[in-house]
Structures are given as C-alpha cells and as structure tokens.
Amino acid sequence: MRRMSNPRLSLPLSTLVLLVACNQASSGGEEKAADTKAVAPADSKAPPAPAVAAPAPTGPASVDELLGLVHDGASSYVVFKAPDALLSLAETAASTFEQPLTTLVGATSPDQLSRLTESFALFKHGVADAKDALAKSGTDLARGIVVTSTSLSGDDTVITFSASSADAAKGLLAALKIPDAATTECQATAGRPGYVTCAKDQPTLAAYKPGDGKAARTRLNTALPAVAIDDLALFGYVTDGDVHFGLDKPAGGATLHVSAPPDAKDMVTTLAPGQADLLKFAPAGTGFLWMKLDLDELKKKGLNEVPPPFSATVGAFTGEVLFGGSADPAALQARFGFSDTSSLAPLADLAVAFGGPMIHNKPIPDVPGSKVSFKAENVSFGTDKVKALHLGASGVPQAKALADQLGLSLDAWVFPAEGTLAAVVGADATKVGLVKAAADSEATIAALPPALAASLRAGEVGFVTHVPLDGLQSPALLKLLDGALASLPGYSSSTARSALNVLAPLSSTTMWISEHQNAGVIHFAVQAIGNTTDEEGKAALAAAASPDPAKAFTDLAAKYPSSPRITAYQTRAGQGGAGALVGGSAPALLLAAGGMAAFLRPVIDAGPPVVAEPPVVAEPPAEEKKVEEKKVEEKKTETPKTEAPKTETPKTETPKTETPKTETPKTETPKTDETPKTETPKTGGLKIDSSKVERVPPKRVGRSE
C-alpha cells in the first residue's frame, strides 16, 4: 500500500487505528457553547432565524456511509469501520503475548528484556492517553475512519473521522502527539454532518471531494463476492495489483479477504469450486490440503489425450484431491476422487509385474542388512478387501525409533477404496485399514474458521490449506525435542518450552480460495485457541497460559466434550499421542517439499554443469595447414616432453625437409594405416575413419603419460 504513505498522515492513521477506541461520543464542547450563549434583551429586535444545520448522525456508521467519504476517483483508500474492534484485537494480543515473550527474552536475550518491558508499558499508556484524548475531542470512532488519496500519485492523502469541530480534531491530533499536528489543516466535511477532514495543507483539502458511496459499494461487492461486507472491521482498495481487501474479526480469530489479482487468473480458473466430499477422510484437528480441479481446463492442457486403456481411468477422475494426515493411526495420506474405481483394481499387479524384479528383496543402498519389499497384498476395510500395492522396508536401524516416537512404520500403500485412489504412508498392515472415511465431514468443517465453513457448505471453495498448531503444545512434541536435542550444546528444555509458549494462544492458520460469480477471492485466517466473548473461550485462553497446560486442557476437554475444538483440547492434553503431531504436520510437510522443489528448480532446469574441454583448441591453425601442405600425417605422440614446437620432427631433430619420416608410430595409436586425404584438418584434433571418431590428445609441451 505504497500509495497511502503520506508521511504526515501515516502516523495519525496507525495511532487512530491501534490506540483509539473510545466508543462514547462526547458532546461536552457543544453543551459549553450552549451554556455561554448571551441572552438577548426582551425589547431587542429578534434576529433572523439562522439556517438549521443537519443533525450529526449517531451510532455505528454503515458501509455505504463510510464509502461515501472516499474521494471521488481515489486511486487507493482504507476504511476502518470498527476501530474499537481493532483496538480490542491489539489489546488482547498484547496482554496474551506479553508474559510468554517476556519469559523467552529473559532466558535468551536478557539485555533486551528492559526494552521489551518498556515497549509493552508504552503501549498500555498510549491506549489510555488516546482514550482520554478521544473523549475530550468529541470523537466517536463508531462512526469510522476513512483514509483516501486525492491524486493518482497517492502523495496527497486526507483522513476523515468523527469530531465535534475542526478545532477539536486538531486538538486530538496534538493530544496524540502526532508529528506536524500544528500545521495540519482540518475542516468540517462538506455535506457530511459530524465529520471532519484533515490533510497536510489547504490545497489538498480543497481537492477532496466525497464520492458516491453506493457505486463504491457495488464495486466492493463485485470484487469480494460472498464476503459479509457489513461485518468487516476494515476494507479498502489498492491500485497496485488492482486489489480490494477486507478484514473481519470473528471471536477468537481474524480473517483477511483479498480479491484475486489479475496475475492469479490462471490459478483461479484451474480450480472448480464445489462440494468437498474428500474432507470426510480428514479427521477434525488434522492438517490437510484439499483442492478441486476444473476438468475442462485439464482437458485443454492434455488430459483428454491419454490413450486407451488408461483413458477410461482418467475419465473417471472427479478432479478432487486431498493430502492430509491421520492421527489414529499415525499416517500421511493422499486421495484422488474417482466416480468409478473398477479400472484401478489391476494397478497393483501391473506395478509388481513391471517393478518387482528391480525392487523386491533388494537392499537399500548404504544400509547393510536392509531389504525392500514390493508386492501386491490384500487390505481389509471392515468386511471389504481390496488389492493394494505395498512398498515396505526391513532391517533399517532407525525404524524402531520412528515407531516409538511418532508411531510410523516404514510402509507405503497404494489402493482403490471408498471412491478414491489412496496412498497411505507410515501405517503397517494391521493399521492401514483404519485410515478410512468418516460418515461425513461436518466435524472437520465445524472446526475450521467460520467464513471457510460457510463457504464449504455452499460449495464456493476450490482450494484449502489448513495447518493446525496445537501439536506444537502437545507433551509428545516436548518429549521428542528433549530426546532428539538434549545432546546438542546449548540446548535447554526450559528455553524450548518458552519458545513454544509464545505460540500457545494460536490454534491454526488457514488459506483458501473461493470463487463466486466468476470472481476469485483469496482468504487468510488465524484462529486462537480461545476467545474473550464466552466462558469456554476464556477458559481455553487461561489453559494455554497455565503453568500445567496439559492438565488444564484435560479438564477443559472433560468439561466441553461436544465442543468443535475438542480435538485441539485433546491434542494439548496429550491424549492424541504422537499421532497428533503426524496428523497436523501433513500440509506443512507438503509445503516444505514444494518450497524445496521450487528452490531446486533452477538447478534442475539448468542441467548438469558444462565441463570445459581441456585447451584442446590446441593446435595452431597455421601448423595444421602446414601439415596439409606437406601431405604427411603427423602422428601425435604420447611422450611430447622432448618435441620441438616448430620442427615437426620430434625426437630425431631432423632438419626441415620434405623427406618422409621414418619414425615408427607409437603402439598406443590403434590405427596404423595413414589416410591423410580423408582427414579434416579443421576438426581441432579429431581423427576420422570409417568406423569411429576418436579424440586424439593435442600436443602439449611438458605433458607426461
């Protein structure tokens, strides 16, 4: 948002957004004015009745009202509809993170502790001072704040907010210790009773012209379809990238909505929003990446060119894909939706027939005593059995530690089941059949951010990545870290816990893409483990800050067994075991693998490094011409240490005559027949005959065998 960076107004904006929030309109100034009015004598002539000013609106401003304060034709703008909600978010964040940050900094950087403590103190005092100043100025921030540019350059910015008068607005800026407050110009907003507009100078104020709020609302609705615009705490538009955005603050979280920029069009068109049937394979509380691809777009890119017999299999693909984790049993899984899986049944036997001889019963390189298994086996899902391709390994020393610490085995399975082609990694033969679908996906959807849950039920989503963070607070992770890192110099178990405690209030991060009326929107959400609006939410935040969080969350899970956050509570209580770590890590592992692939892509595309040939370019062209003129082939000797550069008569020092040479060719040269006429002297040392082309080393002075 570079266009909104006027130096005189950027600080007022940030201050008003984060430090302000008095929701009480103060009318003290107006009452004083009324009290001090002079009473006209009874016999004096009555003055003409003054024009009655329109009363200033009260109560929260509507979206249309605030958009009506945006400059007509503004290149960029930001509207803070609910500054009090934003302040509440900032105050909650400060109080939540103060203790864990103080503990961590005290343990790792004691010299920075005083600065951190001072920063939190300044924030708290700043909020209190701002509230006091707002009350005195008659500012009602329930009426919102609008920041808008008046030129395409974005350098001329104005800010409009509620105040009892222009002088009161200037007094507020001064009380908030805003730089250049004394020279800032403020005036009543024309046609908008109760609002004052401030800018760096009078010409900027003169250029400001409020626009059509309803027209701006239409543009916002079109850019952010299916987003509850009236519930947003802030929204705006940025010319760079042609992006509209909005932020809402549901209880215990925050969600940012951004209209898909033009350069993301290809990504959006590749997706086909619809029902997320495969989410029934993602247990609540586990991480996953889900998408639904547009089959028509895939066909344009060659999907319909797959030859028989595979064309029938590809034709049954629904476009739905899921990568996720399983907590009980611990495993990673991938699912591809198919309307008919009958054509997938022979895949296991086919793969074994082709790959078995090269893989089955072979050792793993550099792992003595290991053996790889690659065969087809039956897997049971309740009463049903399916043929699965099984890749396993035995004789690996690390296998026991992997099983003990994470509950994973060295097994991978590929099989068709429950309308999908599935790949399951980490579950052995006794557990792979337990990685299956739930009756429905409602429990999984209910634990997601509210805006995402609503869009999934409406079939408006084409892509979701959900990363739970509760596993970072599980006793299993702390045990794993202590076991794996205890021998490292400088490792401290208490410091590791302090670092993890900084993230304790957070429960998950989520990104998704929705499409509605051909408009794509990208959403980012953060959910806290609790909130400050209800008893359960308050209890969850308290449990996260508890000296013994495992016990606190055990009690919380027992008290709220039907909560949509029950799996988060159980994970933090240690009831999910090591499987909770695996179940939540699936999308993170996939994203890490994607990041690594992107990092290595330039290296892969570049191919192997070009090895420069030895300076074989070698023989001076003039010398080669000389040989051609003499019609005598110069045999390249392997012992050129004694050869004279210009004489062409190595070893014998024969004068420069045209007499044929009598020296015997070295035995290292396989060919004895000389065919000078057929040589191409410009090949830089290549000797050509009817059977092959070989590289003959060039002459070099001082070269030894």
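Residues numbered from 1 in each chain as written. Predicted model: local features only at pLDDT ≥ 70, side-chain atom pairs only at ≥ 80, totals over all residues. Heavy atoms only, no water.

Focus: the packing of helix α4 (residues 83-108) against helix α5 (residues 113-137)
Relative orientation and spacing of two packed helices are given, respectively, by the angle between their axes and the distance between those axes. At a minimum axis distance of 10 Å, the contact between α4 and α5 shows a crossing angle of 165°. Classified by the angle their axes make, α4 and α5 are roughly antiparallel. Along this stretch, α4 crosses α5, giving a crossing that reads as left-handed. Taking contact as the criterion, the partners of L87, A90, E91, A94, F97, E98, L101, T102, V105 and G106 in α4 are, on α5, L113, L116, F120, F123, K124, V127 and K131. Residues that form the contact of α4 with α5 fall into these classes: eleven nonpolar, two polar and four charged. (Axes fitted to C-alpha atoms, helices over the stretch in contact; angles between N-to-C directions. Helix = DSSP H or I, 4+ residues; strand = E, 2+ residues; numbered from the N terminus. Parallel < 35°, antiparallel > 145°, perpendicular 65-115°, else oblique. Left-handed = near helix turned anticlockwise from the far one by under 90°. Contact = heavy atoms within 4.5 Å. Nonpolar A, V, L, I, M, F, W, Y, C, P; charged D, E, K, R; others polar.)

Let's talk about the state of the cysteines
Going through the model one piece at a time under the given rule, you end up with one disulfide. Put simply, C186 and C198 are joined by a disulfide, and their sulfur atoms are 2.0 Å apart. Between C186 and C198 the disulfide shows an S-S torsion of about 110°. By sign, it is right-handed. Of this pair, C186 sits in strand β4 (residues 185-188) while C198 sits in strand β5 (residues 195-199), and the two are twelve residues apart along the sequence. Note on accessibility: C186 and C198 belong to one class, buried. (Disulfide = S-S within 2.5 Å. Buried < 20%, exposed > 50% of the residue type's maximum accessible area, 1.4 Å probe, protein only.)

Quick word on the pattern of salt bridges
Per the stated rule, a full pass over the model turns up 13 salt bridges. Here E297 makes a salt bridge to K300, at a shortest N to O gap of 3.4 Å. Here the residue E297 and the residue K300 both occupy positions in helix α10 (residues 295-300), the gap between them amounting to three residues, near one helical turn. What makes K300 exposed here is its relative accessible area of 64%. (Salt bridge = Lys/Arg side-chain N within 4 Å of Asp/Glu carboxyl O.)

Remarks on the environment of V306
You can see V306 is positioned in the loop between α10 and α11 (310-315). Owing to a relative accessible area of 27%, V306 belongs among the partly exposed residues under this scheme. Beyond its immediate stretch of four places on either side in the chain, V306 contacts S311 and V314.

As for the layout of surface pockets
What the largest pocket holds in volume is close to 710 Å³. What lines the largest pocket is a set of 44 residues, and nearest its centre among them are A284, G285, T286, A327 and G583. At the level of secondary structure, the elements contributing two or more residues to the lining of the largest pocket comprise α14 (442-446), β16 (461-468), β17 (506-516), α20 (566-573) and α21 (579-606). Looking at the lining of the largest pocket element by element, the count peaks at six residues for α21. (1 Å grid on protein atoms, 1.4 Å probe; cavity = no way out; pocket = protein on both sides within 12 Å on 5 of 7 lines; lining within 4 Å. Points joined across faces, edges and corners; volume = space filled by probe spheres on them.)

Some thoughts on the packing of aromatic side chains
On inspection of all chains with the given rule, the structure shows four aromatic pairs. Ring centres of F317 and F338 lie 5.7 Å apart, and the angle between their planes is 50°; this geometry places the pair in the tilted category. In this pair, F317 sits in strand β10 (residues 317-326) while F338 sits in strand β11 (residues 331-338), placing the two residues 21 residues apart along the sequence. Overall, the relative accessible area of 13% leaves F317 in the buried class. Taking relative accessible area as the criterion, F338 reaches 12% and is therefore assigned buried. (Phe/Tyr/Trp six-rings, centres within 6.5 Å; stacked < 30°, edge-to-face > 60°.)

Comments concerning unusual backbone geometry
The omega torsion across D328 and P329 is 5°, close enough to zero to call that bond cis. With respect to the element layout, P329 can be found in the loop between β10 and β11. Here the phi dihedral of A226 falls at roughly 65°; this positive angle occurs in a residue that is not glycine. With respect to the element layout, A226 can be found in the loop between α8 (213-223) and β6 (234-238). Within the chain, D366 stands out as a residue other than glycine whose phi angle is a positive 65°.

Structural notes on the pairing of β10
Extensive coverage of β10 is indicated by the burial of eight of its ten residues. With seven bridges connecting them, β10 and β11 associate as antiparallel partners. Looking across to β11, one finds that F323 is bridged to A334. Linking two consecutive strands that pair antiparallel, namely β10 and β11, is a turn of four residues. (Pairing = 2+ DSSP bridges.)

What to know about the nonpolar core
Ranked by size, the top nonpolar core spans 30 residues in total, and within it F80, I145, F161, A169 and C198 carry the most contacts. Other than its neighbours up to four places away in sequence, F161 contacts T139, G144, I145, A169, L172, G194, Y195, V196 and C198. Within the second largest apolar cluster, 24 residues are counted, among which are L69, Y195, V227 and F235. (Core = buried A, V, L, I, M, F, W, Y, C linked by side-chain atoms within 4.5 Å.)

With respect to the pairing of strand β9 (residues 288-292)
Among the five residues that make up β9, four are buried, leaving the element largely enclosed by the rest of the structure. With four bridges connecting them, β9 and β16 associate as antiparallel partners. Among the inter-strand pairings, L289 is bridged to a residue of β16, identified as T465. The pairing of β9 with β10 spans five bridges and is antiparallel. Residue pairing in the sheet places L289 in a bridge with F323 of β10.

Details of α20
Among the eight residues in α20, six count as buried, and that is most of the element. Here α20 has its buried residues at I566, A568, Y569, T571, R572 and A573. Phi turns positive, to about 90°, at G574, one or two residues after α20.

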